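Coordinate analysis (summary)
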Amino acid sequence: MQTLILKTVAPLLAALMMIFSVFVLLRGHNEPGGGFIGGLIAASALTLYGIACGVRAVRRAIVIHPIAIAGIGAFLAGLSGLPSHPAGVPFLTGLWWYPKLSEVTTLALSTALVFDIGVWLVVVGAISGIALALEERDYD
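Remember, it's a predicted structure, so these values are computed and weren't measured experimentally.

Section: the overall build of the protein
Within the protein one finds six helices and two strands. Starting at the N terminus, the α and β elements of the protein follow one another as α-α-α-α-α-β-β-α. Overall size of the protein, expressed as C-alpha extent along the three principal axes, is 55 × 30 × 25 Å. Residues counted as buried form 36% of the 140 residues belonging to the protein. If you take every contact in the protein between residues at least 6 apart in sequence, the share linking residues at least 24 apart comes to 63%. Accessible surface, the protein: about 8,600 Å² in total, of which carbon and sulfur atoms supply 72%. Once the 7 positive and 7 negative side-chain charges of the protein are each reduced to a mean point, those two points are 6 Å apart.

Right under this line is the structure:
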């Protein structure tokens with residue numbers, strides 16, 4: 001289904017959905033949402049873009065193969081549990097650091113954020129890989 005209206009609107013809508021998925025990823029760090037929901041929104045954006053502009057356009061846009069993205073995400077999520085070992089707490093326990101950027105600004109970093117980013121990458125890679133494979137079959 002590649003109508004002129006969908007082809008025109010889909011790139012803008014996909015870009016907005018990707019920005020929103022990053023917002024949900026970062027917001028869900030302390031509230032409901034997070035990596036899984038943000039990843040679903042990003043995969044939906046890639047799927048919409050693929051329906052409108054074709055699978056080749058999506059593969060050019062994401063550069064890396066979707067399954068490789070999922071693998072990087074799984075590795076990153078597993079890596080987020082390693083700092084718990086030197087801290088002497090159970091694996092995947094959330095640890096926080098508060099580096100000061102200036103006198104007034106403190107940045108809150110945690111292993112949970114790294115885990116959420118890993119989950120986001122796994123969901124984006126897996127779901128978009130499945131969606132792109134299904135879309136390619138329709139046109140073969």
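Details of the side chain of S80
Among the secondary structure elements, S80 is positioned in the loop between α4 (66–79) and α5 (84–87). Note on S80: relative accessible area 5%, which makes it buried. Polar side-chain contacts of S80 include one of 2.6 Å to the backbone oxygen of A77.

Some details on the environment of L113
In this fold, L113 is placed in helix α6 (residues 111–139). Residue classification places L113 among the buried positions, given a relative accessible area of 17%. Sequence-wise, L113 and S80 are 33 residues apart; in three dimensions their C-alpha atoms are separated by 8.6 Å.

Quick look at the packing of aromatic side chains
What characterises a pair of aromatic rings is the spacing of the ring centres plus the angle enclosed by the ring planes. One pass over the structure, following the stated rule, counts two aromatic pairs. Taking 6.3 Å as the distance between ring centres and 10° as the angle between the ring planes, the aromatic pair formed by W96 and Y98 counts as stacked. Y98 gets classed as exposed once you look at its relative accessible area, which sits at 53%.

Some remarks on helix α2 (residues 35–53)
For α2, spanning 19 residues, the distance from its first C-alpha to its last is 26 Å, which sits close to the expected 27 Å at 1.5 Å a residue. The complete set of buried residues in α2 reads G35, G38, G39, I41, A42, A43, A45, L46, T47, L48, G50 and A52. Directly after α2, the chain includes G54, whose backbone phi takes a positive value near 100°.

Topic: the packing of α2 against helix α3 (residues 55–62)
At a minimum axis distance of 7 Å, the contact between α2 and α3 shows a crossing angle of 135°. By the angle between their directions, the pair α2 and α3 is classed as oblique. Where α2 approaches α3, its residues L46, Y49, G50 and C53 are matched on the opposing element by V55, A57, V58, A61 and I62.

Structural notes on helix α1 (residues 4–27)
Over its 24 residues, α1 extends 35 Å from the first C-alpha to the last, a length consistent with the 34 Å expected when each residue adds 1.5 Å. When α1 is considered as a whole, its buried residues turn out to be L6, A10, A14, S21, V24 and L25.

Quick notes on unusual backbone geometry
In this structure, V63 takes a positive phi of about 65° despite not being glycine. Residue placement: V63 occurs in the loop between α3 and α4. Despite not being glycine, L92 shows a phi value in the positive range, around 70°. With respect to the helices, strands and loops of the structure, L92 is situated in the loop between α5 and β1 (96–97). Look at L92 and you get partly exposed, because its relative accessible area is 45%.

Cut-off values and rules
Position labels on residues start from 1 in each chain and follow its written sequence. Two thresholds apply to this predicted model, a pLDDT of at least 70 for residue-level local features and 80 or more for giving and counting side-chain atom pairs, whereas whole-chain, interface and lining totals are computed over all residues. The side-chain figures draw on all heavy atoms in the structure; neither hydrogens nor water molecules are used. Think of it this way: any DSSP run of H or I at least four residues long counts as a helix, any run of E at least two long counts as a strand, and we number them from the N terminus. Burial classes follow relative accessibility: with a 1.4 Å probe on protein chains only, a residue under 20% of its type's maximum area counts as buried, one over 50% as exposed, and anything between as partly exposed. Note on definitions: a residue-residue contact is assigned when non-hydrogen atoms from the two residues lie within 4.5 Å. Calculation of accessible area relied on Shrake-Rupley with a 1.4 Å probe; when residues are assessed, cover is drawn exclusively from the protein chains displayed. Positive charges come from Lys and Arg, negative ones from Asp and Glu, while His and the chain ends are left out of the count. For the purpose of locating charges, the reference atoms are NZ of Lys, CZ of Arg, CG of Asp and CD of Glu. Nitrogen and oxygen atoms within 3.5 Å of one another constitute a polar contact, given that in protein one can donate a hydrogen and the other can accept it, and given that sequence-neighbouring residues count only through two side-chain atoms. Side-chain rings of Phe, Tyr and Trp (the six-membered ring for Trp) are treated as a pair once their centres are within 6.5 Å; stacked means planes under 30 degrees apart, edge-to-face means over 60, and tilted covers the remaining angles. A helix's residues, less one, multiplied by 1.5 Å, set its expected span. Fitted lines through C-alpha atoms serve as axes, helices being fitted only where they are in contact, and the angles separating the N-to-C directions of these axes extend from 0 to 180 degrees. For classification purposes, angles smaller than 35 degrees are called roughly parallel, those larger than 145 roughly antiparallel, those between 65 and 115 roughly perpendicular, and all remaining angles oblique.

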